[in-house]
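Survey of secondary and tertiary structure
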Amino acid sequence: MRILFLGDVVGRSGRDAVVSRLPGLRRELSADLVVLNAENASHGFGLAPDMARAFLEAGADVLTLGNHAWDRKEIVPYIEGEPRLIRPMNYPPGTPGRGATVVEVPGKGRALVMQVMGRLFMEPLDDPFRAAQAELARHTMGANGSVQAVVVDIHAEATSEKLGFGHSFDGRVSLVCGTHTHVPTADHQVLEGGTGYVTDAGMCGDYDSVIGMGKAGASIRFWRKVPSERLAPAEGEATLCGVLAETDDATGLATRIGPVRLGGRLSQIMPGF
């Protein structure tokens, strides 16, 4: 199974790039499954239902959220009826939506996609490690398992927490992708036990910015510790950032992983497989 994971979509620039380029990118990479983090799509804060529908129509199979999940209130009724949109599973019981979904992958079987949110420098949610452990106990992975691949989005600030999570579940999932910090890391690798891993997939947005937001408004906040104008996304050409992983049909574990950077200001790179 070939899995394309794209990092946080930020604002109109990121939305337009994903909607216009994803259909061709999916064909070019022969991606069987596409997972997209969409929590910053609506002016940098949250996700509107019409935007979610546009991403799904463009070729995303599963959308993930994060700490901005509820910034657009209209997403609450939408997430209840759309199993392809998930939020971190370690939100408290009773939170709208779901933290995991199983999708059919034509010709390849089924894939479990799940999301957790870190706690270091983030909201004090339930334990993401134990939440993931409980979800994985419900499934078996591999050719004869209940699912043929498992993808985890860990939405977290601290690189140490993401790495600790990746190593904790190495050999039990196909791919662990970090999101939230909006800067692509160069540590994509297949871990010792066979799990594809990257600390942060990066963002799909304008990198002539401060993590996707306009430079002036974002920078002044570090100079003056007083309220300032509301942050607004940068609107230049976006770079699509993420990774492509390929899994073994028998085990569901990763055999290779490579970065994806397309368009915009960053150096361009595509997987060599």
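Below: a short report on this structure. Small disclaimer: the values here were computed from a predicted structure and weren't measured. (Residues numbered from 1 in each chain as written. Predicted model: local features only at pLDDT ≥ 70, side-chain atom pairs only at ≥ 80, totals over all residues. Heavy atoms only, no water.)

1. Some thoughts on the overall build of the protein
Our working rule: Only DSSP runs of H or I reaching four residues or more are called helices, and only runs of E reaching two or more are called strands; each is numbered from the N terminus. We call two residues in contact whenever any of their non-hydrogen atoms come within 4.5 Å of each other. For the area figures, the Shrake-Rupley method with a 1.4 Å probe applies, and any residue is considered shielded solely by the protein chains shown.
Counting its secondary structure elements, the protein contains six helices and 14 strands. When contacts within the protein are restricted to residue pairs at least 6 apart in sequence, those whose partners lie at least 24 apart make up 62%. For the protein, the exposed area adds up to about 11200 Å²; of that, 52% sits on carbon and sulfur atoms.

2. Concerning the sheet that holds strand E3 (residues 33–37)
Applicable threshold: Here, any two strands with at least 2 DSSP bridges between them count as paired.
Strand order in the open sheet formed by six strands is E5-E4-E3-E1-E13-E14, and the pairing between neighbours is mixed. Two strands close off the open sheet at either side, each with one partner strand: strand E5 (85–86) and strand E14 (254–262). Here strand E4 (residues 62–64) runs beside E5; their pairing, made up of two bridges, is parallel. Its bridge partner being in E5, Leu63 is matched across the sheet by Leu85.

3. What to know about helix H2 (residues 49–58)
Applicable threshold: Think of it in three bands: with a 1.4 Å probe and only protein chains considered, a residue is buried below 20% of the maximum accessible area for its type, exposed above 50%, and partly exposed in between.
Pro49, Met51, Ala52, Phe55, Leu56 and Ala58 are the residues of H2 that are buried. The inward-facing, buried residues of H2 contact strand E2 (8–9), helix H1 (11–29), E3, E4 and helix H3 (75–81). Following H2 by one or two positions, Gly59 has its phi on the positive side, about 130°.

4. Comments concerning the pattern of salt bridges
Once their charged atoms are close, side chains differing in charge can pair, the charge on each being opposite to the other. Stated formally: By convention in these notes, a salt bridge is any Lys or Arg side-chain nitrogen within 4 Å of a carboxyl oxygen on Asp or Glu.
Overall, the coordinates contain 13 salt bridges when judged by the stated rule. For Asp208, the salt bridge is made with Lys215, and the minimal N-O distance between the two is 3.0 Å. By relative accessible area, Asp208 is classed as partly exposed at 29%. In this structure Lys215 comes out as partly exposed when scored by relative accessible area, which is 43%. A salt bridge links Arg265 to Asp208; the nearest nitrogen and oxygen atoms lie 4.0 Å apart. Remark: Asp208 occurs in the loop between strand E12 (203–204) and helix H6 (215–223) and Arg265 occurs in the segment after E14; sequence separation between them is 57 residues. Three or more residues joined by partner-sharing salt bridges are found here, namely Arg2, Glu246 and Arg256.

5. A look at the state of the cysteines
Here is the rule: Two cysteine sulfur atoms make up a disulfide if the distance between them is within 2.5 Å.
For the coordinates displayed, the defined rule picks out zero disulfides. Just so you know, Cys177 is unpaired, no disulfide at all, and the nearest cysteine sulfur is the one on Cys204, 12 Å from it. With no disulfide partner, Cys241 has as its closest neighbouring cysteine sulfur the one in Cys204, 6.4 Å distant. A relative accessible area of 0% places Cys241 in the buried class.

6. Points about the environment of Arg230
Mapped onto the elements of the fold, Arg230 is located in the loop between H6 and strand E13 (240–247). Classification of Arg230 by relative accessible area gives exposed; the value is 61%. As a C-alpha pair, Arg230 and Gly217 span 13 residues in sequence and 7.6 Å in three-dimensional space. In this view, Arg230 contacts Phe45 and Arg221; residues no more than four positions away in its chain are not counted.

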